[in-house]
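Overview (structure and organization)
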Amino acid sequence: MSSRTRVLVYGLLSVLCVPFVFPTWWMVTSSFKSTSEIFAYPPRLLPSEWHFGAYREVFRLQPFAEQYWNSLYIAAIVTVGTMAVASLAGYAFARIRFPGQNALFVVVLTGLLIPSEVTIVPLFQLFNRFGLIDTHWPLILVPIFGAPSVLATFIMRQFFVTLPKELEEAARVDGLGRFATFRLIALPLARPALGAVGIFTFLNSWNLFLEPVVYLSSKDKYTLPQALTQYVDAYGGPMWDVQLAAASLTALPVLVVFVIAQRQFVEGLAHTGLKG
C-alpha cells in the first residue's frame, strides 16, 4: 500500500469512527459539566468549567463501590466458568464420537434461539424454591450452565474441529489419555478462541440488566446496570451529571478489557469460521 493510499484509508477510518467514539466522549466529558451545560446546543467537546462533584455524589447516594465489586466478581466467575464448561463441551463435540452426537449438538444450538425473557419466569420460580432469590447465585449459574454459554460452546467446538488429528495421534502414542490430551495439547492451542469467549462472556455478564432486576432487591447486592437506574432526584427525574459519572466509571473496565485483549478476540473469531 502506497503512502497516499494509506493516508486516505486512515482518514476514511477516522471519519467512520466518529459516530462510535463521540457518544463515549460526550458521556465522559459531560460527567464533568453542570446540568445546564450538558444540554447546551451545539454540544461542547469540553466543559467550560470542570466539576467533580458528580463523582462524589455517585458514592454518597449509593453503595457504589460495593455494587462495583458485585459486578466485577460475578463477571469474573461467569467468565472463568463459561470458558471451562464451553472448552470441555466444545472439545467433546469436536473430537469424541458417540451416538446421537450431531443431534445433541443441534439441540444445544437451539439455546441460541430462546430469548432469556422466555425462561426468566420458570427460572425465578426454581431459584425461589431453593431460597436463592436476592442472592448472586442466579446471575452466576444461569450464564455458565444455561443458554448464554451455547455460543461459547459453538466457538470452542469450531476451533477444536480445525486442529490436526495428528496432534492427538501423537499424544496417544506418547501414552496420554483423552483428558490429558485435552489439557496439555488442545487447550493451550485454543488460547485465541478462549480469548474471544472470555471477552464476550465478560461483556455479557457485565451488561446484564433484566436478570438483576428480577432476582435482586437489596441495594447492597445490586450490579452496576441496575444501580445506574437509581440515581434520581426527589421527583423521580434523572440526575444527569451523576448518572453520566456513574456510567463513565461503569464503562471503564469494559474498555480496558477490550483494549488489552482485542487481538485475541479477532484471532479467536478468525480461527472459528465466524469472520466475515
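Residues numbered from 1 in each chain as written. Predicted model: local features only at pLDDT ≥ 70, side-chain atom pairs only at ≥ 80, totals over all residues. Heavy atoms only, no water.

Things to note about the overall build of the protein chain
- Counting its secondary structure elements, the protein chain contains 14 helices and zero strands.
- In sequence order, the secondary structure elements of the protein chain are arranged as α-α-α-α-α-α-α-α-α-α-α-α-α-α.
- Projected onto its principal axes, the C-alpha coordinates of the protein chain cover approximately 70 × 65 × 30 Å.
- Split into buried and exposed, the 276 residues of the protein chain put 37% on the buried side.
- A separation of at least 24 residues holds for 70% of the contacts in the protein chain among residues at least 6 apart in sequence.
- If you sum the accessible surface of the protein chain, you get close to 16100 Å²; carbon and sulfur atoms cover 69% of it.
- Once the 19 positive and 15 negative side-chain charges of the protein chain are each reduced to a mean point, those two points are 10 Å apart. (Helix = DSSP H or I, 4+ residues; strand = E, 2+ residues; numbered from the N terminus. Buried < 20%, exposed > 50% of the residue type's maximum accessible area, 1.4 Å probe, protein only. Contact = heavy atoms within 4.5 Å. Areas by Shrake-Rupley, 256 points an atom, 1.4 Å probe, with all protein chains shown as cover. Lys, Arg positive; Asp, Glu negative; His and termini not counted. Charge placed at Lys NZ, Arg CZ, Asp CG, Glu CD.)

Quick notes on the environment of Ile77
- Mapping Ile77 onto the fold places it in helix H4 (residues 64–95).
- Spatially, the C-alpha atom of Ile77 lies 9.2 Å from that of Phe202, the residues being 125 residues apart in sequence.
- Not counting chain neighbours up to four residues away, the residues in contact with Ile77 comprise Ile140 and Ile144.

Looking at the environment of Asn70
- Relative to the elements of secondary structure, Asn70 occurs in helix H4.
- Each C-alpha atom of the pair Asn70 and Tyr222 lies 7.1 Å from the other, and the pair is 152 residues apart in sequence.
- Setting aside residues no more than four positions away along its own chain, Asn70 makes contact with His136, Asp220, Lys221 and Tyr222.
- Among the polar contacts listed, one links the side chain of Asn70 to the backbone oxygen of Tyr222, at a separation of 3.0 Å. (Polar contact = N/O pair within 3.5 Å; in protein donor to acceptor, adjacent residues only side chain to side chain.)

Let's talk about the packing of helix H10 (residues 178–189) against helix H11 (residues 191–206)
- Between H10 and H11, the shortest axis-to-axis distance is 5 Å and the interhelical angle comes to 65°. On the basis of their axis angle, the class for H10 and H11 is roughly perpendicular. Two secondary-structure elements touch here, H10 through Leu187, Pro188 and Leu189 and H11 through Arg191, Pro192 and Leu194.
- Residues belonging to the contact of H10 with H11 are distributed by class as follows: five nonpolar, no polar and one charged. (Axes fitted to C-alpha atoms, helices over the stretch in contact; angles between N-to-C directions. Parallel < 35°, antiparallel > 145°, perpendicular 65-115°, else oblique. Nonpolar A, V, L, I, M, F, W, Y, C, P; charged D, E, K, R; others polar.)

Things to note about unusual backbone geometry
- The omega angle of the peptide bond from Tyr41 to Pro42 is -5°, so this bond is cis rather than trans.
- Structurally, Pro42 can be placed in the loop between helix H2 (35–38) and helix H3 (53–61).
- In this structure, Asp134 takes a positive phi of about 65° despite not being glycine.
- Relative to the helices and strands, Asp134 resides in the loop between helix H6 (116–129) and helix H7 (137–145).

Side note on empty space enclosed by the protein
- If you walk through the whole model with that rule in mind, you get two cavities of 30 Å³ or more.
- Here the largest cavity defines a volume of roughly 60 Å³.
- What lines the largest cavity is simply Ser71, Ile74, Ala75, Leu139, Ser205, Trp206, Leu208, Pro212, Thr223 and Pro225.
- No other element matches H4, which puts three residues into the lining of the largest cavity.
- Contributing to the lining of the second largest cavity are Tyr91, Arg95, Leu163, Pro164, Leu167, Glu168, Ile185 and Ala186.
- Those elements that provide at least two residues to the lining of the second largest cavity are H4, helix H9 (165–173) and H10.
- Taken together, the residues of the lining of the second largest cavity sort by class into six nonpolar, no polar and two charged. (1 Å grid on protein atoms, 1.4 Å probe; cavity = no way out; pocket = protein on both sides within 12 Å on 5 of 7 lines; lining within 4 Å. Points joined across faces, edges and corners; volume = space filled by probe spheres on them.)

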